[in-house]
Amino acid sequence: MQQFPHHCRLWPSPEKSRQAYQSLFQAIADKINDLGLTVNFRKIVSDFEDGILRATAAVFGRNIEHQGCFYHFTHATWRKIQKLRLATHYMADAEFRLFCNMLDALAFLPTTLLEEGIAYIRSITPDEPTEAADLVDYFDATYVSGTYRQIHQLNANGQPQLTMRRVTPMFPPSVWSVHAATMESNPRTNNVCEGWNNKFYTLVGSSHPSIWTCIKWFQREHSTVATIVQQDAIFDPSQQKTPTEVCYFTEETSESVY
């Protein structure tokens, strides 16, 4: 199957709730149906936002593979390093910098080895600064092992009983692991979206254009893509063009590869 790019910019909004994303994605899905297209997305690549993960599952189905952008994954770790006031130590100490980078490097391990990997990192966590242990705890709870929740209930004798229940991590390994993507030579980031962002910004020539300017350039971009589609059809008319495979979403843009 031949492939050609299709771009669609999602209008930036301060509202980042699951409901907002779901309404946006549903509008896109409805428009695709109105155009008479059959879309079978295999994978969606996006930033690390819980609202996006839940919204895409609700609109496109739970069987779709959701991959978090590796760049945003590492950036989240860096923000936590800054929040724990470890940035100065990170920049000054090469060994500590390597230790922190090992957390992000877990993304390249097979998911079956992640528990062993995080256990090893815990075993070499430096005593100083003490916040290093907090960084590992955060990473493990958010991405690997999850946390525990207290459950208050009555036992068979009617007596109060406290039990601990494991809560899955907010972003499980299936979302942030790039082992399979690396082995299959697939993209690990949504840089393809960021590249279109930069291109569109250059075309518009302004950070805050008017809605009319945006519409004009959207129309021009649509004409360009439509021409590419027509050229592709002429080149191989026997091939039926069906949208596939991968959809890239960022906070402000989305891009599908057909």
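Residues numbered from 1 in each chain as written. Predicted model: local features only at pLDDT ≥ 70, side-chain atom pairs only at ≥ 80, totals over all residues. Heavy atoms only, no water.

Chemist: Looking at this structure, I do not really get the pairing of strand β3 (residues 65-68). What am I missing?
Modeler: Looking along a regular strand, one sees side chains alternate from face to face of the sheet. In this sheet, β3 lies alongside strand β2 (residues 43-46) in parallel orientation, the contact comprising four bridges. Paired with S46 across the two strands is G68, which belongs to β3. In this region the chain leaves β2, passes through helix α2 (residues 50-60) and returns to the parallel neighbour β3; the handedness of that crossover is right-handed. (Pairing = 2+ DSSP bridges. Helix = DSSP H or I, 4+ residues; strand = E, 2+ residues; numbered from the N terminus. Right-handed = clockwise from strand over helix to strand, strands pointing away.)

Chemist: How do you make sense of the packing of aromatic side chains when you look at a structure like this?
Modeler: How two aromatic rings sit relative to each other is set out by the distance from centre to centre and by the angle between their planes. All chains considered together, the criterion is met by 17 aromatic pairs. Ring centres of F73 and F139 lie 5.8 Å apart, and the angle between their planes is 70°; on these two criteria the pair is classed as edge-to-face. You can see F73 sitting in helix α3 (residues 70-83) and its partner F139 sitting in helix α7 (residues 131-144), a full 66 residues away along the chain. Across this residue pair, the class does not change: F73 and F139 are buried. Three or more aromatic residues joined by ring pairs make a cluster, and in this case those are F48, F70, F73, F108, Y138, F139, Y143, F171 and W176. (Phe/Tyr/Trp six-rings, centres within 6.5 Å; stacked < 30°, edge-to-face > 60°. Buried < 20%, exposed > 50% of the residue type's maximum accessible area, 1.4 Å probe, protein only.)

Chemist: Please explain the layout of surface pockets as it appears in this structure.
Modeler: Any space left empty among the atoms is revealed by the rolling of a water-sized probe across them. Considered as a void within the structure, the second largest pocket measures approximately 500 Å³ in volume. As for the second largest pocket, its lining consists of 18 residues, of which L53, R54, A57, R62 and P172 are closest to the centre. Every element with two or more residues in the lining of the second largest pocket is listed here: α2, β3 and α8 (173-176). Of the residues forming the lining of the second largest pocket, the biggest block, six residues, is contributed by α2. (1 Å grid on protein atoms, 1.4 Å probe; cavity = no way out; pocket = protein on both sides within 12 Å on 5 of 7 lines; lining within 4 Å. Points joined across faces, edges and corners; volume = space filled by probe spheres on them.)

Chemist: I'm lost on the pattern of salt bridges in this one. Help?
Modeler: A pair can form between side chains of opposite charge whenever their charged atoms are brought close. Counting across every chain of the model gives three salt bridges. For R54, the salt bridge identified is with D50, shortest N-O distance 2.7 Å. With R54 and D50 both in helix α2 and four residues apart, the pair spans about one turn of that helix. Judged by relative accessible area, R54 falls into the partly exposed class, the value being 46%. Across the pair R122 and D137 runs a salt bridge, and its minimum N-O distance is 2.8 Å. Highlighted residues: R122 in helix α6 (residues 114-123) and D137 in helix α7, separated in sequence by 15 residues. Exposure remark for D137: the relative accessible area of 37% places this residue in the partly exposed category. (Salt bridge = Lys/Arg side-chain N within 4 Å of Asp/Glu carboxyl O.)

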